[in-house]
Amino acid sequence: MISRVLHINTKDEMEDFGNKLGKLLLPGDCLALNGDLGSGKTTLTKAIGRGMGLTDSVSSPTFNLIHEYHGAVSMHHLDTYRLDNYQELSEIGFEEILNMPSVLVIEWADRVQELLPDEIMRLEITNGSLGEERFITIEANGRRYETLLESIIGHN
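Here we summarise the structure given alongside this text. (Residues numbered from 1 in each chain as written. Predicted model: local features only at pLDDT ≥ 70, side-chain atom pairs only at ≥ 80, totals over all residues. Heavy atoms only, no water.)

1. Some thoughts on the overall build of the chain
And then number 1: Along the chain, the regular secondary structure elements total five helices and seven strands.
And then number 2: Counted from the first residue to the last, the chain has its helices and strands arranged as β-α-β-α-β-β-α-α-β-β-β-α.
And then number 3: Relative to a compact globule of 156 residues, whose C-alpha radius of gyration would be 15 Å, the chain shows 14 Å and is just as compact.
And then number 4: In terms of principal-axis extent, the alpha carbons of the chain reach across some 40 × 30 × 30 Å.
And then number 5: Across the 156 residues of the chain, 49% fall into the buried class.
And then number 6: For the chain, long-range pairs separated by at least 24 residues make up 64% of all intrachain contacts whose partners lie at least 6 apart in sequence.
And then number 7: With an accessible surface of roughly 7,800 Å², the chain has 47% of that area assigned to carbon and sulfur atoms.
And then number 8: For the chain, the distance from the average position of its 13 positive side-chain charges to the average position of its 25 negative side-chain charges is 6 Å. (Helix = DSSP H or I, 4+ residues; strand = E, 2+ residues; numbered from the N terminus. Rg over C-alpha atoms; globule rule 2.2 N^0.38 Å. Buried < 20%, exposed > 50% of the residue type's maximum accessible area, 1.4 Å probe, protein only. Contact = heavy atoms within 4.5 Å. Areas by Shrake-Rupley, 256 points an atom, 1.4 Å probe, with all protein chains shown as cover. Lys, Arg positive; Asp, Glu negative; His and termini not counted. Charge placed at Lys NZ, Arg CZ, Asp CG, Glu CD.)

2. A closer look at the pattern of salt bridges
And then number 1: Summed over all chains, the structure comprises four salt bridges.
And then number 2: Two residues, Arg122 and Glu139, come together in a salt bridge whose shortest N-O distance is 3.7 Å. Here Glu139 lies in strand β7 (residues 134–141) and Arg122 lies in strand β6 (residues 120–127), a separation of 17 residues in the sequence.
And then number 3: Arg122 gets classed as buried once you look at its relative accessible area, which sits at 17%.
And then number 4: We classify Glu139 as partly exposed; its relative accessible area is 27%.
And then number 5: Notably, a salt bridge pairs Arg143 with Glu146, separated by 3.2 Å at the nearest N-O pair. With Arg143 and Glu146 both in helix α5 (residues 143–153) and three residues apart, this pair spans about one turn of that helix.
And then number 6: The network of salt bridges with common partners includes Arg143, Glu146 and Glu150. (Salt bridge = Lys/Arg side-chain N within 4 Å of Asp/Glu carboxyl O.)

3. Some thoughts on the environment of Leu54
And then number 1: By the element assignment, Leu54 lies in the loop between α2 (41–51) and β3 (66–69).
And then number 2: With relative accessibility at 9%, the residue Leu54 sits in the buried group.
And then number 3: In this structure, the C-alpha to C-alpha distance between Leu54 and Tyr69, residues 15 residues apart in sequence, is 6.9 Å.

Interpretation note: all reported values are geometric properties and have no functional meaning in isolation.
Set out below in structure tokens:
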């Protein structure tokens, strides 16, 4: 496991980072996003989708739990903020989704922590003190994600 902290100054920088990350994602990749309301989880996910070349506009699945987007590599976007219990995840086929050849992006991933795979990329977004400033703590668990992290922001 390796981790890095990325300093983001503006929404444009958040979008650039998400776009860059999206271009490198492969089927089966899983990203766990955490952060306070308004920290930029959905902004980041939208940029990831654009980087993946998805033509549909990515939106927050807060009320539906999950949205699916199709492209050369498909993406499942899960938001567990309003999740009442794990039964709801079972009803939408969460275990099957984990094994699909698509990218899985989970917002509020800490709510389903024990159901997530061991090999995963975790991104914790915290608000800075200045306007759009954010800090993203990225934790790469597993060789695939370590390589991905290094290719995005280097070996610092």
